[in-house]
Amino acid sequence: MTGALVWLRDDLRLADNPALRAGIDHGGPLTVVHVLDESSPGIRPHGAAARWWLHQSLAALDDDLRERGSRLVLRRGPAAQVIDALVADADADAVFWNRRYGKAERDVDTGIKASLTDRGTEVHSFAANLLWEPWTVLTGQGEPYKVFTPFWNAANAMPEPRHPLPKPRHLPEPADVDGDDLDAWSLLPTAPDWAGGFRDAWEPGERGASRRLEHFVEHALEDYDQRDEPAMAATSSLSPHLRWGEISPYQVWHRLHERLEPEQRKQAPAFLRQLAWREFNWNEYFHCDDIATVNVRREFDAFPWRRSDPAELRRWQQGTTGFDLVDAGMRELWHTGAMHNRVRLAAASFLVKNLLVDWRVGEQWFWDTLVDADAANNPGNWQWVAGSGFDAAPYFRVFNPDRQLERFDPHREYVRQWVPADEDRPEPMVDLKETRQRALAAYEEMRRT
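Residues numbered from 1 in each chain as written. Predicted model: local features only at pLDDT ≥ 70, side-chain atom pairs only at ≥ 80, totals over all residues. Heavy atoms only, no water.

A. Spotlight on unusual backbone geometry. Residue proline 192 is reached from alanine 191 by a cis peptide bond, and omega for that bond is 0°. Phi at aspartate 91 is positive, roughly 50°, even though this residue is not glycine. As for its position among the elements, aspartate 91 is in the loop between helix H3 (79-89) and strand S4 (92-98). When its relative accessible area of 43% is taken as the criterion, aspartate 91 is described as partly exposed. Its identity as a non-glycine residue notwithstanding, leucine 356 has a phi of 55°, on the positive side. Relative to the helices and strands, leucine 356 is located in the loop between helix H13 (341-354) and helix H14 (359-369). With a relative accessible area of 4%, leucine 356 lands in the buried category. (Helix = DSSP H or I, 4+ residues; strand = E, 2+ residues; numbered from the N terminus. Buried < 20%, exposed > 50% of the residue type's maximum accessible area, 1.4 Å probe, protein only.)

The structure is reproduced here in structure tokens:
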């Protein structure tokens, strides 16, 4: 009996998964697959922290599928070849997936869809991971918004995002096809195993995502106006769960709109703007797919970056710059695979402006060390700090890490957590005033070019 193939990518969940729902409704055997594609043209391989998260998330997804009478089939290789082989192996007459928005990924999907359709296989794709797909929120001239607030206003004026789909209670049995063993993919660190702090900090998977959302709504949202204070547990910490699609933005949106207590609702708009900033970055990435390597504002091609000094860069990476907020943030990143957003801004600004290191160097480091690094938000936020992207911060806005510390961690609670008080601290590696002036002079040099 013919059946269906559901190809999951960055949507590793059962609830609110339109492709999975379509596969169930199709009837017949249902084979759920994830492909580790590190070789199709233009596909950016995952960083080390992301690979750790992916392993945990896939294991959790397989457990959830097995509880419902199914399992996750894993295969590795170029997606076009893998999906083609799986369609044959599973005797599938339909393939379902949720849409991706990077150009390389779109090219892969378009090629697969054309090839399968020519051979009589149904292929259907769905909107699942963005509230507003990039071609739906455009200016009156049909162009993408390059400033966030007009984008947010336009998106808010659109019909309300659809309601989430329920989690299926049972799934059809999959076809009898072979798959890889997850451990054989070697996604986890072994020599050394540096992920102990990750395991303490996170619960990857759909259950962990749901618990994280509920904890935020019930216990942290009312303090969201203190989200810039890194010592406060006032942020959602949902970013890695959203990055891997363990929870959908539709679930988050409606949870905040429909189930908040009246006294909490005043905080919802501020949080939803943060959710919309994620969408704005994906909008930028869809229209400028090379944002990890190319300045969106091309005048920054003439910016006189200093040649990266390995010793200086290592001090930034290891959290030994001598500036407590930057060092605390970089150590939090190394230990947990994440960093408080306000501290990310200070750490990124220090690298780009006080050290005059090309933003792409920092973007690559975060790509390798963040569990929530994705192809849109990671480079989009680095270009924002550098001044070279959509709606970017003015280049002359230099985050002084000492003033940021005084303002957002005045009692040094966050710093003490990551930088022991009895540690022999290094002297500050640069003079903040001098390096700020140097950065502004470099910006003026670029403008005159």
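B. Highlighting the packing of aromatic side chains. On inspection of all chains with the given rule, the structure shows 29 aromatic pairs. Their ring planes at 5° and their centres at 6.2 Å tell us that tryptophan 334 and tryptophan 365 sit as a pair that is stacked. Note that tryptophan 334 is positioned in helix H12 (residues 324-336) and tryptophan 365 in helix H14, a separation of 31 residues in sequence. Judged by its relative accessible area of 18%, tryptophan 365 falls in the buried class. Aromatic rings pair up to connect Trp132, Phe148, Phe151, Trp152, Trp253, Trp277, Phe280 and Phe390 into one cluster. Sitting over the face of the ring of tyrosine 250, arginine 162 holds its NZ or CZ atom 3.9 Å from the ring centroid. (Phe/Tyr/Trp six-rings, centres within 6.5 Å; stacked < 30°, edge-to-face > 60°. Lys NZ or Arg CZ within 6 Å of the ring centre and 35° of its normal.)

C. Quick look at helix H10 (residues 268-287). Under the 1.5 Å per step criterion, the end-to-end length of H10 is 29 Å for 20 residues, consistent within 8% with the ideal 28 Å. Taking burial as the measure, the 20 residues of H10 include 16 buried ones, the bulk of the element. (Expected span 1.5 Å × (residues − 1).)

D. The layout of surface pockets, seen in detail. When its volume is computed, the second largest pocket comes out at roughly 810 Å³. Asp10, Arg44, Glu105, Arg243 and Ala375 are, among the 44 residues lining the second largest pocket, the residues nearest its centre. Contributions of two or more residues to the lining of the second largest pocket are made by strand S2 (30-36), helix H4 (103-118), helix H8 (239-243), H10 and H14. Element by element, the count of residues in the lining of the second largest pocket is highest for H14, at 4 residues. Here the residues of the lining of the second largest pocket are counted per class, giving 18 nonpolar, 9 polar and 17 charged. (1 Å grid on protein atoms, 1.4 Å probe; cavity = no way out; pocket = protein on both sides within 12 Å on 5 of 7 lines; lining within 4 Å. Points joined across faces, edges and corners; volume = space filled by probe spheres on them. Nonpolar A, V, L, I, M, F, W, Y, C, P; charged D, E, K, R; others polar.)

E. Highlighting the packing of helix H9 (residues 249-258) against H10. Look at H9 against H10: their axes get within 11 Å of each other, and the N-to-C directions meet at 165°. As the angle between them shows, H9 and H10 are arranged roughly antiparallel. Two packed elements cross with a definite hand, and for H9 against H10 that hand is left-handed. Across from Pro249, Val252, Trp253, Leu256 and His257 in H9, the residues of H10 making contact are Ala268, Phe271, Leu272, Leu275, Arg278 and Glu279. Looking at the contact of H9 with H10 residue by residue, the class counts come to 8 nonpolar, 1 polar and 2 charged. (Axes fitted to C-alpha atoms, helices over the stretch in contact; angles between N-to-C directions. Parallel < 35°, antiparallel > 145°, perpendicular 65-115°, else oblique. Left-handed = near helix turned anticlockwise from the far one by under 90°. Contact = heavy atoms within 4.5 Å.)

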